[in-house]
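Observations on the model geometry
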Amino acid sequence: MTVSKNINNPVGQGGGQRKRLSRAERQNNGPHRNLDRKGAADQKAELVRKMREKAAEAEGGAAQS
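This is a predicted model, so every value here is computed, not measured.

The next point concerns the overall build of the chain. The secondary structure content of the chain amounts to two helices and zero strands. In the chain, buried positions account for 2% of the 65 residues. Total accessible area on the chain is roughly 6,600 Å²; 51% of this is exposed by carbon and sulfur atoms.

Encoded structure:
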């Protein structure tokens with residue numbers, strides 16, 4: 001094993017090769033984030049739909065009175 005000159009730079013000690021990360025992955029914007037964003041958009045769309053239904057019901061109930 002190679003001996004390094006500096007204790008802070010241990011040549012050949014431990015570790016393995018690290019996966020190369022794209023710029024997006026380094027910024028924590030990997031493919032998993034796209035799925036999270038899609039899920040969040042779906043939840044928001046569902047919430048908006050429910051709110052519109054409630055508003056329509058309330059408006060219809062007020063018109064009947």
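After that view, the rundown keeps rolling.
Counting across every chain of the model gives three salt bridges. The partner of K38 in a salt bridge is D42, with the nearest N and O atoms 3.6 Å apart. On the criterion of helical spacing, the pair formed by K38 and D42 is a turn pair, its members being four residues apart in helix α2 (residues 31-64). Taking relative accessible area as the criterion, K38 reaches 53% and is therefore assigned exposed.

Each value, and the rule that gives it
Residues numbered from 1 in each chain as written. Predicted model: local features only at pLDDT ≥ 70, side-chain atom pairs only at ≥ 80, totals over all residues. Heavy atoms only, no water. Helix = DSSP H or I, 4+ residues; strand = E, 2+ residues; numbered from the N terminus. Buried < 20%, exposed > 50% of the residue type's maximum accessible area, 1.4 Å probe, protein only. Areas by Shrake-Rupley, 256 points an atom, 1.4 Å probe, with all protein chains shown as cover. Salt bridge = Lys/Arg side-chain N within 4 Å of Asp/Glu carboxyl O.

It is worth stressing that arrangement in space is one thing and function is another; only the former is reported here.
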